[in-house]
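A structural walkthrough
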Amino acid sequence: SGEGATLDGMKSSRMFHMTNGCSLYLEALHFVDGRSDDNGGAVRADGAGDIAMRGVSFTGCEASQSGGGMFVENSGDISLER
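Structure report, in brief. (Residues numbered from 1 in each chain as written. Predicted model: local features only at pLDDT ≥ 70, side-chain atom pairs only at ≥ 80, totals over all residues. Heavy atoms only, no water.)

Notes on the overall build of the chain
- Within the chain one finds zero helices and nine strands.
- When its helices and strands are written in sequence order, the chain yields β-β-β-β-β-β-β-β-β.
- By the compact-globule yardstick of 12 Å for 82 residues, the chain fits well, its C-alpha radius of gyration being 12 Å.
- Considered along the principal axes of its C-alpha atoms, the chain spans approximately 35 × 25 × 15 Å.
- By the burial criterion, 29% of the 82 residues in the chain qualify as buried.
- The long-range share in the chain, meaning contacts at least 24 apart out of those at least 6 apart in sequence, stands at 74%.
- Working note: accessible area of the chain is about 4700 Å², and carbon and sulfur atoms make up 43% of it.
- Across the chain, the centroid of the 6 positively charged side chains sits 4 Å from that of the 12 negatively charged ones. (Helix = DSSP H or I, 4+ residues; strand = E, 2+ residues; numbered from the N terminus. Rg over C-alpha atoms; globule rule 2.2 N^0.38 Å. Buried < 20%, exposed > 50% of the residue type's maximum accessible area, 1.4 Å probe, protein only. Contact = heavy atoms within 4.5 Å. Areas by Shrake-Rupley, 256 points an atom, 1.4 Å probe, with all protein chains shown as cover. Lys, Arg positive; Asp, Glu negative; His and termini not counted. Charge placed at Lys NZ, Arg CZ, Asp CG, Glu CD.)

And the structure:
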């Protein structure tokens, strides 16, 4: 349909956890109901490489500590585009 894809964590899991310099590019993706008991309900980047997102959205994602939708720490460049 040209509207992208949806990833549903069903309030039980995070969808992406990047470490060790891993880079990520996402386009036209909708994260729904991601959940984490620590940081980053849908996406967590800790020591990751560059992260670029275009047309990405987050709905209903939560984390017990920080970053309901996305948490980034000690990683490369971050680019978010509507």
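There is more to say after this.
Here we look at the sheet that holds strand 1 (residues 5-8)
- Read across the open sheet, the four strands follow the order 1-3-6-9; overall the sheet is parallel. Looking along the sheet, the strands with just one partner apiece sit at the ends: strand 1 and strand 9 (78-81). Shown here is a sheet whose adjacent strand axes are inclined to one another by a mean of 40°, direction ignored.
- Direction of pairing for strand 6 (residues 51-59) relative to strand 9: parallel, over a ladder of four bridges. If you follow Ile51 over to strand 9, its bridge partner there is Ile78. (Pairing = 2+ DSSP bridges. Axes fitted to C-alpha atoms, helices over the stretch in contact; angles between N-to-C directions.)

What to know about the pattern of salt bridges
- Evaluation of the coordinates by the stated rule reveals nine salt bridges.
- When the shortest N-O distance is used, the salt bridge between Arg35 and Glu62 registers 3.7 Å. Highlighted residues: Arg35 in strand 4 (residues 35-36) and Glu62 in strand 7 (residues 62-63), separated in sequence by 27 residues.
- Shared partners join several salt bridges into a network, and the residues in it are Lys11, Asp33, Arg35, Asp37 and Glu62. (Salt bridge = Lys/Arg side-chain N within 4 Å of Asp/Glu carboxyl O.)

Quick look at the sheet that holds strand 2 (residues 16-18)
- Across the sheet, three strands lie side by side as 2-5-8; this open sheet has parallel pairing. One side of each edge strand has no neighbouring strand; the edge strands of this open sheet are strand 2 and strand 8 (70-73). Averaged over all pairs of adjacent strands, the angle between strand axes in this sheet comes to 5°, irrespective of strand direction.
- Inspection of the sheet shows strand 2 paired to strand 5 (residues 43-46) by three bridges, in the parallel sense. Residue Met18 lies in a different strand from strand 5, and its bridge partner there is Ala45.

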